[in-house]
Amino acid sequence: AAADIDEGSHEAAFNLLLDHYPHQSHPDQRGWEWYYLLDHADQSLLTWQAGLNKVQEIDWSPDGSRLATVHHGIPGVQIWNAETGELVRSFSQDQTFKYGVDWSPDGKQLAWGSDDGVLRIWDAGADEIVELQHQRNRLQSVHWSPGGTKIVTASGWGSNPAGSVDVWTCNAGQWELMVSTNGADPYDKYGGNPSEAKWNSTGTQIAVPARRSCQILDADTLDVTYGIMLDEWCYDCAWSPTGNTVA
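Residues numbered from 1 in each chain as written. Predicted model: local features only at pLDDT ≥ 70, side-chain atom pairs only at ≥ 80, totals over all residues. Heavy atoms only, no water.

Asker: Describe in detail the overall build of the protein, supporting the description with residues and values.
Answerer: On a plain count of helices and strands, the protein comes out with three helices and 16 strands. In the protein, the proportion of contacts linking residues at least 24 apart, taken out of those at least 6 apart, comes to 38%. Surface accessibility of the protein: about 13400 Å² in total, with carbon and sulfur atoms responsible for 50%. (Helix = DSSP H or I, 4+ residues; strand = E, 2+ residues; numbered from the N terminus. Contact = heavy atoms within 4.5 Å. Areas by Shrake-Rupley, 256 points an atom, 1.4 Å probe, with all protein chains shown as cover.)

Laid out in structure tokens, this is it:
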């Protein structure tokens, strides 16, 4: 690993060091040398301490100048200067834990969810926060539509055991609930408790991984257009760039 670092092959050194990372069934035989070399194999452009707890969600602003983060077990949302690591803004007016954070496509608004079921949208120009609530389950996924006029949220782990997928739309500056599954069939029969809800690139379909299933919903009606049953919980999914295939 040291020779690889001297030759500028930092990726090779990093992979070699990872090969010696101890597994649960093996004793940890790493000495200070392993940590020393790992530090020198690090190719990070910038590193800073963003908090005492782990970063749970992170999202780049569209222009790449800012990072928004939420942390496990800590109320609040933070915005960082991506070039310096400086804390630019922190939102901690309410003491709820935050889940899911997403910049609007134009970078002028930031949306996040929380464990009280409230969707919060910060307008950077007006420096105001709009609060929207349809149900009281933990709102754990928030994503803007490609056009930036709608937001889809996924919630679970609350009074509604099936959870909910909700689509909010903004008309003339006013946000309103456009459509919601609200735990109703046929969504509930797939297991409920959605962990994510993600638009495809055209904004016509929404993929929803959930308990024992992954479903494709029509973005206008939230009707299930395709669903696959699974043996285990599905936590995440990703659309292909064309918006025709999901993994």
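Asker: Describe the sheet that holds strand β3 (residues 74–81), with residues and values.
Answerer: Pairing in this open sheet of four strands is antiparallel, and the strands run β1-β2-β3-β4 from one edge to the other. Strands at the two margins of the open sheet, each flanked by one partner only, are β1 (55–60) and β4 (87–91). The sheet shows a mean angle of 20 degrees between the axes of neighbouring strands, direction not considered. (Pairing = 2+ DSSP bridges. Axes fitted to C-alpha atoms, helices over the stretch in contact; angles between N-to-C directions.)

Asker: Tell me about the nonpolar core, residues and numbers included.
Answerer: Side chains of nonpolar character tend, in soluble globular proteins, to be buried together. Membership of the largest hydrophobic core is limited to 12 residues, which are Val-152, Ala-154, Val-165, Val-167, Val-179, Ala-197, Trp-199, Ile-206, Val-208, Leu-217, Ala-219 and Leu-222. Of all elements in the fold, only β10 (150–156), β11 (164–171) and β14 (205–210) reach the threshold of two or more residues within this core. Aside from chain neighbours lying at most four places away, what touches Leu-217 is Val-165, Thr-181, Thr-204, Gln-205, Ile-206, Val-208, Leu-222, Asp-223, Val-224 and Thr-225. (Core = buried A, V, L, I, M, F, W, Y, C linked by side-chain atoms within 4.5 Å. Buried < 20%, exposed > 50% of the residue type's maximum accessible area, 1.4 Å probe, protein only.)

Asker: So what's going on with the pairing of β10? Which residues, and what values?
Answerer: With respect to burial, β10 is a largely interior element, six of its seven residues being buried. When strand β9 (residues 138–144) meets β10, the two strands line up antiparallel, connected through six bridges. When the bridges of β10 are listed, Ser-141 appears paired with Ala-154. Counted between consecutive antiparallel strands, the loop separating β9 from β10 contains five residues, among which Gly-148 sits at a positive phi close to 80 degrees. As judged from the six bridges shared by β10 and β11, these two strands associate in the antiparallel manner. Following the sheet pairing, Val-152 is matched in β11 by Val-167.

Asker: Got a sec to walk through the environment of Arg-120? Specific residues and values, please.
Answerer: The topology assignment puts Arg-120 in strand β7 (residues 118–123). Of the residues examined, Arg-120 reaches a relative accessible area of 4% and is grouped as buried. Placed 22 residues apart in sequence, Arg-120 and Lys-98 show a C-alpha to C-alpha distance of 10.0 Å. Polar contacts involving the side chain of Arg-120 include one to the side chain of Ser-114, which spans 2.9 Å. (Polar contact = N/O pair within 3.5 Å; in protein donor to acceptor, adjacent residues only side chain to side chain.)

Asker: Describe the side chain of Asp-102, listing the residues and the values that go with them.
Answerer: For Asp-102, the position within the fold is in strand β5 (residues 98–103). Among buried charged residues, Asp-102 stands out as having no salt bridge; its nearest opposite-charge side chain is Lys-198, 9.6 Å away. Within the structure, Asp-102 has its side chain in polar contact with the backbone nitrogen of Trp-144 (distance 2.8 Å). Asp-102 has contacts with Asp-59, Gln-109, Leu-110, Ala-111, Val-142, His-143 and Trp-144, leaving out every residue within four places of it along the chain. (Lys, Arg positive; Asp, Glu negative; His and termini not counted. Salt bridge = Lys/Arg side-chain N within 4 Å of Asp/Glu carboxyl O.)

Asker: Would you mind going over the sheet that holds strand β8 (residues 128–133) in detail, with residue names and values included?
Answerer: Overall, antiparallel pairing links the four strands, which are arranged β5-β6-β7-β8 in an open sheet. Looking at the sheet topology across the chains shown, the edges are occupied by β5 and β8. On average, adjacent strands in this sheet sit at an angle of 20 degrees to one another, irrespective of strand direction. As paired elements, β7 and β8 share six bridges and run antiparallel to each other. Note on β8: the bridge partner recorded for Asp-123 is Glu-128.

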